Amino acid sequence: MSAVIIDGFEIARQVREDVAKKTAELKAKGITPCLAVVLVGEDPASVSYVTGKEKALLEVGMSDRSIRLNEKTTEKELLDVIHTLNTDTSVHGILVQLPLPKHIDEAKVLLAIKPEKDVDGFHPISVGNMLIGRKSFLPCTPHGVLVLLKTMGIQTSGAHAVVVGRSNIVGKPVAVLLARKECNATVTICHTGTKDLPSMTKQADILIAAAGKPGTITADMVKEGAVVIDVGVNRIPDSSKKSGFRLVGDVDFDAVKEKASFITPVPRGVGPMTIAMLMQNTLEAAECSL
Ligand code: GUN
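Overview of the structure. Bear in mind the structure is a predicted one, so any value in this text is a computation, not a measurement.

Relative to each other, helix 1 (residues 8-28) and helix 6 (residues 140-151) sit at 100 degrees, their axes nearing to 11 Å. Comparing the axis directions of helix 1 and helix 6 gives the class roughly perpendicular. Contact residues: Gly 8, Ile 11 and Val 15 in helix 1; Val 147, Leu 148 and Thr 151 in helix 6. Looking at side-chain class alone, the contact of helix 1 with helix 6 contains 4 nonpolar, 2 polar and no charged residues.

Below, the structure is given as structure tokens:
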């Protein structure tokens, strides 16, 4: 039996519609939610993500403070930009697109963002609050994964969730969120040090692929009836496309969909949810300024 394809594009549209409605209400009270999106350099994937975020902001009626900085921007210059945004009361959220150029210390930059404006949920205070179950901005991609599972009526309580990947942006936070009481899953984190990856992934009721490598999950690694969430976004050369590339996930979609009960496609799976959750966090940040 073929899996149900989770339509992340449509679910994200519904989230954005709700955010747009609440944004209009906030604007009627005199507050226009504003997100500052900071991009250093011109990495093509980052430019594409940032453009998508800026487009979504305008669509939901928020204002966008777009800041593009040269690849050669120093750490001090970037920190100065962040300090200015921290003190600007018309800016509710600050997002610094990652990765940053090598000469800039990412940890220092994330630490400089005022936690009240940390709509990415990457500040150590946000991460700590998430870990201990206190209210905080949740990182957008992991939060988006949870919303997909919930919207599709997929039970997480008691399920064995196996996360492949331990990045700070996806792997670690999604594992923490799934293990929190609200989700109540039993969680295993796999990574490049895992000895026998297939033996782990085959145990998954819910398999989260966040390795950032095409072909990481093949059909023989998936249990019959598992829920498969593909967080990978990989560009592979494709001369038949105008852009010269196409996007693929970490999962061998065509084969795995014949075994899974639910599966997310790439594109139009998890990706659109990241942006939708960012809009929701920006709205919340603005509401807190009331
Ligand atoms: N790079 C890849 N994903 C993200 C994200 O969710 N936020 C930021 N700031 N950078 C990213």
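Read on for the rest.
By way of backbone hydrogen bonds, the strands of a sheet pair with one another, either parallel or antiparallel. Here we have 3 strands laid out as an open sheet, ordered 3-2-4, and parallel in their pairing. Taken across any chain shown, the strands that pair with only one partner, and hence form the sheet edges, are strand 3 (63-69) and strand 4 (93-96). Neighbour to neighbour, the strand axes of the sheet diverge by 15 degrees on average, direction disregarded. Pairing between strand 2 (residues 34-40) and strand 3: 7 bridges, direction parallel. Directly across from Leu 39, in strand 3, lies its bridge partner Arg 68. Relative to strand 3, helix 2 (residues 44-59) is tilted by about 160 degrees, and along the sheet it contacts strand 2, strand 3 and strand 4.

Quick look at helix 5 (residues 124-131) now. Those residues of helix 5 not exposed but buried are Ser 126, Asn 129 and Met 130. Along the axis of helix 5, the buried residues cluster in a sector spanning 100 degrees; they form a single face. Along its buried surface, helix 5 packs onto helix 7 (171-179). Positive backbone phi, approximately 80 degrees, marks Gly 133, located one or two places after helix 5.

This paragraph deals with the site of the ligand. All residues adjacent to the ligand are Lys 53, Leu 95, Val 96, Gln 97, Leu 98, Asp 120 and Phe 122. The separation between a nitrogen atom of the ligand and a polar main-chain atom of Val 96 is 2.9 Å. Here a nitrogen atom of the ligand and a side-chain polar atom of Asp 120 are 2.5 Å apart. The protein chains hide 86% of the 280 Å² of surface that the ligand would expose on its own. Its residues assigned to classes, the shell around the ligand comprises 4 nonpolar, 1 polar and 2 charged.

Conventions used here
- Residues numbered from 1 in each chain as written.
- Predicted model: local features only at pLDDT ≥ 70, side-chain atom pairs only at ≥ 80, totals over all residues.
- Heavy atoms only, no water.
- Axes fitted to C-alpha atoms, helices over the stretch in contact; angles between N-to-C directions.
- Helix = DSSP H or I, 4+ residues; strand = E, 2+ residues; numbered from the N terminus.
- Parallel < 35°, antiparallel > 145°, perpendicular 65-115°, else oblique.
- Contact = heavy atoms within 4.5 Å.
- Nonpolar A, V, L, I, M, F, W, Y, C, P; charged D, E, K, R; others polar.
- Pairing = 2+ DSSP bridges.
- Buried < 20%, exposed > 50% of the residue type's maximum accessible area, 1.4 Å probe, protein only.
- Arc of directions from axis to C-beta.
- Near = heavy atom within 4 Å.
- Polar contact = N/O pair within 3.5 Å; in protein donor to acceptor, adjacent residues only side chain to side chain.
- Areas by Shrake-Rupley, 256 points an atom, 1.4 Å probe, with all protein chains shown as cover.

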